[in-house]
Amino acid sequence: MIALVDCNNFYVSCERVFAPRLEGLPVGVLSNNDGCVVARSRELKALGVAMGAPRHLLPPAIRRQAVLLSSNYALYGDMSRRVNAILAEFSPDVEVYSIDESFLSFAGFDASTLEVRGQRLRETVGRDTGLPVCVGLAPTRVLAKVANRAAKTIAAYEGVCRLGADDPATRALLQRLPVGALWGVARRTAERLALMGIETAWQLREADPKLIRRTFSVVLERIVWELRGHAAIVLEDMSEPRQRIMVSRSFGRLTGERHELEAAVRQHAARAAEKLRRQRYLARAVMVMVRTNRFLAGEAQHNNNVVVPLARPSDDSRTLLAAARQALGALFREGYRYQKCGVMLLDLVDARHHQLTLYDARQSESAKGRSQRLMAAVDKLNREMGRDTVRFGLPRHHNAWALRCERRSPRYTTRWDELMTVRTG
DNA sequence: TCTGGGGTCCTAGGACCC
DNA sequence: TCTGGGGTCCTAGGACCC
């Protein structure tokens, strides 16, 4: 048996823990640059605000009523860690799937106790973190997702729903569930399924797996098996190292200035390098991408990326920044107003298992040692003294790429200075 | 004025090899 | 006139997730 534990309206719930006045109000949390609504309270959903809706396109009446907050990822990340620490007390096997969702294995537990365990888990998380969660119990991940959705939307379940593969309740739920609402089935696939007459989750479950595989892919075939109660989806351990590392941001305002793009690329490359060293990997290539704003009709568009391979795998910020700078040099064109840029580290290898080439073997030990000590010192300072204590290149004020986040709440759980602001301010 | 960011997996098709 | 066939590796692009 698998349990899917999912926090309700996670970002909004985190904000409410520290600002109880938000209870009962239509609350939304915005993406970077305060661009889109990425989390909605029940009340905001009831007003008809869609997931991902651009803030500036919301009807004025809704913008007046709603409380729209900038995102505060330091806070959400910390709350997420607290929830997972509690989940670990309920199962030896917790797969953290995303910032607000985890799968727990309940294999080997007495089946008759599962719902009670689920309720106890909910109560414990609620008491210790203030966050509301729902629990879906089922033999497979796809069905656990369906169960979790039922736990959230059907009051009679009281936040915990258990579905057997062949229960009449399961059948009834699947018959009412549009196929596009299933985990792993999105618009494109749902449209193609509809052409075959498959519109509900139940119809997909009853479809011929071989036909589904031939027509679509092995991915959708697995979903058919999962709906029937045969586990077919194995999640890779989410704590495994990433295979690529990406840092990108939209600018606070459009810019055609080369030096502004260079500054942003430098910043993103440095951040990506930190992530790379944290997972103890080396990159063999650096990609930089630039974008203009595709929503501006009549504006000249330029979207492109350039990959610069490295002579040797590296995690040295100076090397990665130089490659990123070179890539931007090949990309940048005068006369465009750019909206976004990003840096991606590709072709990652484990630093500990990396095969030494002849060149590496000859490279003096002291040079490598110096690089490692320097990067370790930079990371330590930034970790302990705060981000950007040490940085590469000079910061500029009023830069185009500074994020707008005018409505961010204090980082209550990770910043003493902001906590004090709350008390005195 | 203002439209997110960071990932994964799978498949098709080309290059290349014997 | 007739111009193999099968395997592997790599990459780009599509689709999906939260």
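As the structure is a prediction and not an experimental result, all values here were calculated from the model.

Caption draft 1: Local environment of the overall build of chain A. Counting its regular elements, chain A contains 16 helices and 13 strands. Taking 425 residues into account, the globule formula puts the C-alpha radius of gyration at 22 Å, and chain A, at 24 Å, falls close to it. Dimensions of chain A, computed from the C-alpha atoms along their principal axes, are close to 65 × 55 × 50 Å. In chain A, 67% of the contacts between residues at least 6 apart in sequence involve partners at least 24 apart. Total accessible area on chain A is roughly 22,800 Å²; 51% of this is exposed by carbon and sulfur atoms.

Caption draft 2: Seen up close, the protein's contact with DNA strand B. In the neighbourhood of DNA strand B, 26 residues make up the surrounding shell, with Ser31, Met246, Ser248, Arg249 and Ser250 lying closest. Within the backbone of Met246, an N or O atom sits 2.7 Å from a phosphate oxygen of DNA strand B. One of the backbone nitrogen or oxygen atoms of Ser250 is found 2.5 Å away from a phosphate oxygen of DNA strand B. If you tally residues by element for the surface near DNA strand B, the top one is strand 9 (residues 245-255), at 6 residues.

Caption draft 3: Just the nonpolar core, in detail. With 36 residues, the main nonpolar core has Leu182, Leu193, Leu204 and Ile212 as its most contacted residues. Going through the elements one at a time, strand 1 (2-7), strand 7 (133-138), helix 6 (141-153), helix 7 (168-176), helix 8 (187-195), helix 9 (201-205) and helix 11 (218-227) are the ones with two or more residues in this core. Top contributing element to this core by residue count: helix 6, with 7 residues. When residues of this core are assigned to domains, at least three fall in each of domain 1 (2-162) and domain 2 (168-228). Once residues within four sequence positions are removed from consideration, Ile212 is found in contact with Leu193, Ile198, Leu204, Ala207, Ser217, Leu220, Glu221 and Val224.

Caption draft 4: Quick peek at the UniProt feature "domain: UmuC" (unreviewed entry) in chain A. Within the UniProt annotation, "domain: UmuC" (unreviewed entry) is assigned to residues 2-186. Within the segment residues 2-186, helix and strand shares are 39% and 20% respectively, and the terminal C-alpha atoms sit 23 Å apart.

Caption draft 5: Structural context of the pairing of strand 10 (residues 281-292). Within strand 10, 10 of the 12 residues are buried, which leaves it mostly tucked inside the rest of the structure. Pairing of strand 10 with strand 13 (residues 349-350), which is carried by 2 bridges, proceeds in the antiparallel orientation. Bridge pairing in strand 13 links Leu282 to Val349. Pairing geometry for strand 10 and strand 12 (residues 338-346), over 8 bridges, is antiparallel. When the bridges of strand 12 are listed, Ala285 appears paired with Leu346.

Caption draft 6: Expanded view of the packing of aromatic side chains. Across all of its chains, the model carries 12 aromatic pairs by this definition. A ring pair is formed by Tyr97 and Trp183, whose centres lie 5.6 Å apart and whose planes are at 85°; its orientation type is edge-to-face. Of this pair, Tyr97 sits in strand 5 (residues 94-98) while Trp183 sits in the loop between helix 7 and helix 8, and the two are 86 residues apart along the sequence. For Tyr97, a relative accessible area of 26% translates into the label partly exposed. Between the aromatic rings of Phe103 and Trp183, the centroid separation amounts to 5.8 Å while the plane-to-plane angle is 50°, which identifies the pairing as tilted. Taken together, the positions of Phe103 in strand 6 (residues 101-105) and Trp183 in the loop between helix 7 and helix 8 put the pair 80 residues apart, joining distant regions of the chain. These aromatic residues form a ring-pair network of at least three members: Phe10, Tyr11, Tyr73 and Tyr76.

Caption draft 7: Seen up close, the pairing of strand 12. Burial analysis of strand 12 places 7 of its 9 residues in the buried class, which makes it a mostly covered element. In terms of strand pairing, strand 9 meets strand 12 through 7 bridges, oriented antiparallel. When the sheet's bridge partners are listed, Met246 is paired in strand 12 with Met344.

Caption draft 8: Here's a closer look at the side chain of Asp6. Within the secondary structure layout, Asp6 lies in strand 1. Polar contacts involving the side chain of Asp6 include one to the side chain of Lys152, which spans 2.9 Å. Setting aside residues up to four positions removed in sequence, Asp6 forms contacts with Asp100, Glu101, Pro132, Val133, Cys134, Asn148 and Lys152.

Caption draft 9: Summary view of the protein's contact with DNA strand C. By nearness alone, 13 residues border DNA strand C, and Ser98, Asp100, Lys145, Gly184 and Thr189 come closest of all. For DNA strand C, the backbone portion of the atoms within 4 Å of the protein, that is sugar and phosphate, comes to 100%. Within the contact set of DNA strand C, a phosphate oxygen lies 3.2 Å away from a backbone nitrogen or oxygen of Ala186. With 3 residues, helix 8 is the single largest residue contributor to the surface near DNA strand C. Across the surface near DNA strand C, the residue classes tally to 5 nonpolar, 3 polar and 5 charged.

What counts, and at which threshold
- Residues numbered from 1 in each chain as written.
- Chains lettered and ligands numbered in written order.
- Predicted model: local features only at pLDDT ≥ 70, side-chain atom pairs only at ≥ 80, totals over all residues.
- Heavy atoms only, no water.
- Helix = DSSP H or I, 4+ residues; strand = E, 2+ residues; numbered from the N terminus.
- Rg over C-alpha atoms; globule rule 2.2 N^0.38 Å.
- Contact = heavy atoms within 4.5 Å.
- Areas by Shrake-Rupley, 256 points an atom, 1.4 Å probe, with all protein chains shown as cover.
- Near = heavy atom within 4 Å.
- Polar contact = N/O pair within 3.5 Å; in protein donor to acceptor, adjacent residues only side chain to side chain.
- Core = buried A, V, L, I, M, F, W, Y, C linked by side-chain atoms within 4.5 Å.
- Buried < 20%, exposed > 50% of the residue type's maximum accessible area, 1.4 Å probe, protein only.
- Domains from an automatic or database assignment.
- UniProt positions renumbered as here; feature names shortened; annotations may be inferred.
- Pairing = 2+ DSSP bridges.
- Phe/Tyr/Trp six-rings, centres within 6.5 Å; stacked < 30°, edge-to-face > 60°.
- Nonpolar A, V, L, I, M, F, W, Y, C, P; charged D, E, K, R; others polar.

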